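Inside the fold
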2 protein chains.
Amino acid sequence: MLHVNARQAMLPHPVLVKTGLKPVGAEKPFLQFIAPGDELGVSATSPRLYRVVEGCLADCRLLGDGRRQITDIVGPGRAIAQQPERDGSCAIKALTFTEVEVLDPAANPALASETAIDSLSRLARHAALLGRMNAAEKVANGLLDLAAQFPRKLRQGHPVLTLYLTRSDLADWLGLTVETVSRTLNQFKRAGVIDYSHAEIVTLSRPERLKEIAIGRPLAKLNSKPKGEHP
Amino acid sequence: MLHVNARQAMLPHPVLVKTGLKPVGAEKPFLQFIAPGDELGVSATSPRLYRVVEGCLADCRLLGDGRRQITDIVGPGRAIAQQPERDGSCAIKALTFTEVEVLDPAANPALASETAIDSLSRLARHAALLGRMNAAEKVANGLLDLAAQFPRKLRQGHPVLTLYLTRSDLADWLGLTVETVSRTLNQFKRAGVIDYSHAEIVTLSRPERLKEIAIGRPLAKLNSKPKGEHP
DNA sequence: CGAAGTTTTGACATCGTTCAAACAACGTGG
DNA sequence: CCACGTTGTTTGAACGATGTCAAAACTTCG
């Protein structure tokens, strides 16, 4: 049985560029491919604007000692600005083979400002997640975000997503540890809220339930009774 | 003994506008005063840009149930953009009597984009704080940030800051509870790192030590020996 | 003085981390 | 093809930092 690892697969399915943001301006779009683990434009002299065509980028921030915080996950159609950080190094890392359009912010002021607004709004939301949510809410919100950014074909009417993030990436994004992420995902799986056999392809079996968890309704204790869960 | 509460005092000391950002553009600067607790421009039809002249603003985000996350604290000289949020209501609240310049982003594109960059950079930093730091690190970083934004006259050579935030505000900013904030501050105080008699005026007695705590060097257990602390 | 709000403190519970180990998937080289 | 190393995932047990609950102490103000 041939199983293609989604994280490593080169352009797993035909490219369909989603134009969630404004179309590119005058100068010719410069396409670039990045391999998983590679960092983007470390040596860029001028600020750059990247728009993801296919794949997945992570906006990372390192914290002196090894600690890492991923501040955003960027999927196809979304753009991200490379800002030269004053203190506390930061980087944009590819989590899979990724294709990006490299743009000049100066030549695309509208896209640049739209990207800034979008990043700001998402980041503020994420700050609320990091500061005020428990593990289950964090993971639920994370999954819903990723399901919107990395959708696959429905499976039996249920949304499916490609999980380009490892448990470790998820942990660094959601402010948790790998263990807690793994435990929470398996808890969801046991409760029938999500499903997965390969760690990188997740089905949202009960998206409504996931949304409830995301806004704070706790997942009822399910170790008490093995039945009475599914409708 | 006449004690003026710093949080309630109307313009406690002579205004000295710090122009950390670009000077205002063409159209006449429109000044506005806000009382503590008041929200800013809830009914604004168009996006607005506010530059703090004097006082303190908090960028808040509400979370369905009562939970609140303050994503940024804005002091004199800094600007903040009012963005109409899609989901999850947000607001800009004054934490003391505050004077702001009300500006039109369209008329001040440079200031607007500079503000966006600044907010983004601070927020990303704050996300790392929320997601990856323990209580002591959070409080230390918070204090250092506030000391830079709300400096008072040195006291015996030590930096002093006006703490416009209540313990509850600090908790909502740093992703903690009031109790933990209070405990941590008193822990710092007992260790001689900071000092305060009134809850709103804090002296950084040992700023270098505070910086070390801020980057992760833990505050040594000090309940073991009451002496041997200071050099 | 008494009321209301804020801060501090204590006792206790708990969620998430830490530490450790087993397991699974994958690539490599024999 | 299999043994092996590496990396990622899962699981268990124990601990501890932080949250929760409750109440006292303090500040401000009527």
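Rules of the game
Residues numbered from 1 in each chain as written. Chains lettered and ligands numbered in written order. Predicted model: local features only at pLDDT ≥ 70, side-chain atom pairs only at ≥ 80, totals over all residues. Heavy atoms only, no water. Near = heavy atom within 4 Å. Polar contact = N/O pair within 3.5 Å; in protein donor to acceptor, adjacent residues only side chain to side chain. Helix = DSSP H or I, 4+ residues; strand = E, 2+ residues; numbered from the N terminus. Nonpolar A, V, L, I, M, F, W, Y, C, P; charged D, E, K, R; others polar. Domains from an automatic or database assignment. Contact = heavy atoms within 4.5 Å. Buried area = accessible area lost by both parts, 1.4 Å probe. Salt bridge = Lys/Arg side-chain N within 4 Å of Asp/Glu carboxyl O. Least-squares fit on C-alpha atoms with pLDDT ≥ 70 in both. Pairing = 2+ DSSP bridges. Axes fitted to C-alpha atoms, helices over the stretch in contact; angles between N-to-C directions.

1. Observations concerning the protein's contact with DNA strand C
Taken together, 17 residues surround DNA strand C, and among them A:Ala135, A:Thr180, A:Arg183, B:Arg167 and B:Ser182 come closest. Here B:Asn186 contributes a side-chain N or O atom positioned 3.4 Å from a phosphate oxygen of DNA strand C. Here a phosphate oxygen of DNA strand C sits 3.1 Å away from a polar atom, N or O, in the side chain of B:Tyr196. The dominant element in the surface near DNA strand C, judged by the number of residues it contributes, is helix α4 (residues 178-190) of chain B, at four residues. Tallied by class, residues from the surface near DNA strand C come to three nonpolar, eight polar and six charged.

2. What to know about the domain arrangement of chain A
One frequently used descriptor of interface size is the decrease in accessible area upon assembly of the parts. All names here are of chain A. Split into domains, chain A comes out as domain 1 (4-130) and domain 2 (133-222). Each partner contributes to the interface: domain 1 provides 26 residues, whereas domain 2 provides 21 residues. Buried surface at the junction of domain 1 and domain 2, summed over both partners, amounts to about 2000 Å²; 52% is from carbon and sulfur atoms. Taken together, domain 1 and domain 2 are joined by three salt bridges. With a shortest N-O distance of 2.6 Å, Arg-68 and Asp-172 are connected by a salt bridge. Linking domain 1 with domain 2 are eleven residue pairs in polar contact (both at pLDDT 80 or more), by the criterion used here. Of the residues forming the side of domain 1 that touches domain 2, the biggest block, seven residues, is contributed by strand β4 (residues 65-74). Residues that form the side of domain 1 that touches domain 2 fall into these classes: eleven nonpolar, seven polar and eight charged.

3. A few points about the relation of the copies chain B and chain A
For the match of chain B to chain A, the screw axis carries a shift of 0.0 Å, the RMSD comes to 0.0 Å, and the turn is 180 degrees. The operation mapping one copy onto its partner corresponds to a two-fold rotation axis. Same-surface contact between copies: 100% of interface residues of chain B are shared with the interface of chain A.

4. A closer look at the sheet that holds strand β10 (residues 201-203) of chain B
All names here are of chain B. An order of β8-β9-β10 is seen for the three strands of this open sheet, with the pairing classed as antiparallel. If you trace the sheet from one side to the other, it starts and ends with β8 (151-155) and β10, each paired once. Recorded for the sheet is a direction-independent mean angle of 25 degrees between the axes of neighbouring strands. Pairing analysis gives three bridges linking β8 to strand β9 (residues 158-162), with the strands arranged antiparallel. Note that in β9 the partner of Arg-152 across the bridge is Val-160. Those strands touched by helix α2 (residues 135-149) are β8 and β9, and its axis lies near 95 degrees from that of β8.

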